[in-house]
Amino acid sequence: MILAAGKGTRVRPLTYDLPKPMIPILGKPVMAYLVEYLASYGVKDIMVNVSYLHHKIEEYFGDGKQFGVQIGYSFEGYVNQDGEVVPEPLGSAGGIKKIQEFAHFFDDTTIVICGDALIDLDLSSALFEHKRKGALASVITKEVPWDKVNNYGVVVMDKDGRVQSFQEKPKQEEALSNFASTGIYIFEPAAIDLIPADTVFDIGSELFPLMAQNGLPFYAQQRFFNWVDIGSVTDFWSVSQSVLQGEVAQLEIPGEQIADGLWVGLNTSIDWEGTTIEGPVYIGSGCRIEAGCKIVGPAWIGHGSHICAGAQVVRSVLFEYTRILSGAQLDEVIVFKEYSVNRAGDMRRLQESDVQDWGDARDRALETTSDLALGEL
């Protein structure tokens, strides 16, 4: 089960137009890595609960055949009187219960994963420990710094790993543990039976406390593995920086390496006169880099983008079809369509900005303005 119904409000503006599991890492949706991960462990049947912008997930993954799996979808929402599709998520646990009530899909041990993180957990080992302890539910945890506990669901366990209590995003001074839930769970059917039907119900804030309070065999596993969580725009910026610097195992930068620290896609044009590029930098396919530009990595420039003469792009992420105008300087920002966000999470919208330093690379009028500016230089 991949949980993919949320709006991802903390990752706006990226999620204004994308469901959170479709946010790209190295040009590929984060959920695609999860599907490939599950397939590598022999998981062939995957259900995905969808709601917000559901069609974008369904259109990309289809029936899952290209990944060597079968994927099914459970939509959460309704069509209103005007014929509009209205998303209405049922909560992480409620979405599971809806699927189980419909056709008993979860009548065996079930792996549940949130659709917004990169992981390399030894899944076979986790399943073995779950079975050995006779757990109804297991939550995979990872130790996090104490000053970050307010971002996570925190698990309090005894020396055998049995969960005593579960705190959902506690304040640092109130936290009883710094072992965070990674959004990776293993459930037996009896655990799913505890979820009320036709009710909005959450795993972390409702199901887990219920299990702990009733003394059910609910265990936490402390494991060492890579867990790259995209909880906010700042997280996305940090993840992109780490990936480009080769700090995330098994993720290779796409394209062809044409110089030290520089990868490019197909049919990309770089005018090297006065241009400097300090890697690691990826420049996607069909991009145009004009003379006199400066690009400092880690930086990701999406396909179809256009960096005009004299522009500077420093440790930034540009989504596809972004034009950076002549003389503009972007420093540690993410540019997504008409929005830019700095590493602190401060958002700027192009239409409301006094400085017009980026735009749509497909906009011919903008291209003409750029050419006129070049002529004046």
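No experiment lies behind these values; they were computed from the predicted model shown. (Residues numbered from 1 in each chain as written. Predicted model: local features only at pLDDT ≥ 70, side-chain atom pairs only at ≥ 80, totals over all residues. Heavy atoms only, no water.)

Next up on the list: the sheet that holds strand β26 (residues 317–318). With mixed pairing, eight strands are arranged side by side in an open sheet as β16-β17-β20-β23-β26-β29-β30-β31. Each end of this open sheet is capped by a strand with a single partner; those strands are β16 (256–259) and β31 (347–349). Alignment of strand β29 (residues 333–336) against strand β30 (residues 339–342), held across four bridges, turns out to be antiparallel. Within the sheet, the bridge partner assigned to Val333 lies in β30 and is Asn342. (Pairing = 2+ DSSP bridges. Helix = DSSP H or I, 4+ residues; strand = E, 2+ residues; numbered from the N terminus.)

Tallied over the full model, the rule gives zero disulfides. Cys287 carries a free sulfur, and the closest cysteine sulfur to it, the one in Cys293, is 12 Å from it. (Disulfide = S-S within 2.5 Å.)

Among the nonpolar cores identified, the biggest contains 64 residues, and Ile25, Val35, Ile46, Phe61 and Phe236 are the most heavily contacted of them. At nine residues, the largest contribution of residues to this core is made by helix α1 (residues 30–40). Sequence-distant contacts of Phe61, that is, excluding residues within four places in its chain, are made with Met22, Met31, Ala32, Val35, Gln66, Phe67, Ile71 and Tyr73. (Core = buried A, V, L, I, M, F, W, Y, C linked by side-chain atoms within 4.5 Å. Buried < 20%, exposed > 50% of the residue type's maximum accessible area, 1.4 Å probe, protein only. Contact = heavy atoms within 4.5 Å.)

Low pLDDT means the predicted atomic positions in that stretch should not be read closely. Across the chain, the average pLDDT comes to 87, with 95% of residues at 70 or higher. The secondary-structure element of the chain with the lowest mean pLDDT is helix α8 (residues 364–376), recorded at 54, while strand β22 (residues 294–296) shows the highest, at 95. (pLDDT = per-residue confidence, 0-100.)

Turning next to the pairing of strand β5 (residues 70–75). The side chains of a regular strand alternate, first on one face of the sheet and then on the other. For strand β4 (residues 45–50) and β5, the ladder comprises six bridges, and the chain directions are parallel. Counted as the bridge partner of Asn49 is Ser74 from β5.

Across all of its chains, the model carries 13 salt bridges by this definition. Here Lys20 makes a salt bridge to Asp116, at a shortest N to O gap of 2.8 Å. With Lys20 in the loop between β1 (2–4) and β2 (24–25) and Asp116 in the loop between β8 (110–114) and β9 (117–119), this residue pair connects regions lying 96 residues apart in the sequence. Assessed through its relative accessible area of 14%, Lys20 is described here as buried. A salt bridge links Arg362 to Asp360; the shortest N-O distance between them is 3.0 Å. Asp360 gets classed as partly exposed once you look at its relative accessible area, which sits at 31%. When salt bridges with common partners are traced through the structure, they connect Asp17, Lys56 and Lys337 into a single cluster. (Salt bridge = Lys/Arg side-chain N within 4 Å of Asp/Glu carboxyl O.)

The subject of this paragraph is a negative patch on the surface. Side chains of Glu101, Asp107, Asp108, Asp193 and Asp198 sit close together on the surface and give a patch of like negative charge. Take Asp107: it is sitting in the loop between α3 (92–103) and β8. (Patch = residues over 30% accessible without salt bridge, like charges linked within 9 Å, V, L, I, M, F, W, Y side chains within 5 Å. Areas by Shrake-Rupley, 256 points an atom, 1.4 Å probe, with all protein chains shown as cover. Lys, Arg positive; Asp, Glu negative; His and termini not counted. Charge placed at Lys NZ, Arg CZ, Asp CG, Glu CD.)

Below, the discussion takes up the sheet that holds β22. Ordered in space as β19-β22-β25-β28, the four strands form an open sheet in which the pairing is parallel. Of all strands in the sheet, those bounded by a partner on one side alone are β19 (276–278) and β28 (329–331). Averaged over all pairs of adjacent strands, the angle between their axes in this sheet comes to 0°, without regard to strand direction. Across three bridges, strand β25 (residues 312–314) lies against β28 in parallel orientation. Residue pairing across strands places Val314 opposite Asp331, the latter belonging to β28. (Axes fitted to C-alpha atoms, helices over the stretch in contact; angles between N-to-C directions.)

Moving on to unusual backbone geometry. The phi angle of most residues is negative, glycine excepted, and most peptide bonds adopt the trans form. Here the amide bond leading from Gly279 into Pro280 is cis, since omega sits at 5°, within 30 degrees of zero. Of note, Pro280 is situated in the loop between β19 and β20 (281–283). Positive phi, close to 55°, is recorded for Leu26, a residue that is not glycine. Mapped onto the elements, Leu26 comes out in the loop between β2 and β3 (28–29). Despite not being glycine, Asp198 shows a phi value in the positive range, around 55°. Relative to the helices and strands, Asp198 resides in the loop between α5 (189–193) and α6 (203–213). By relative accessible area, Asp198 is classed as exposed at 82%.

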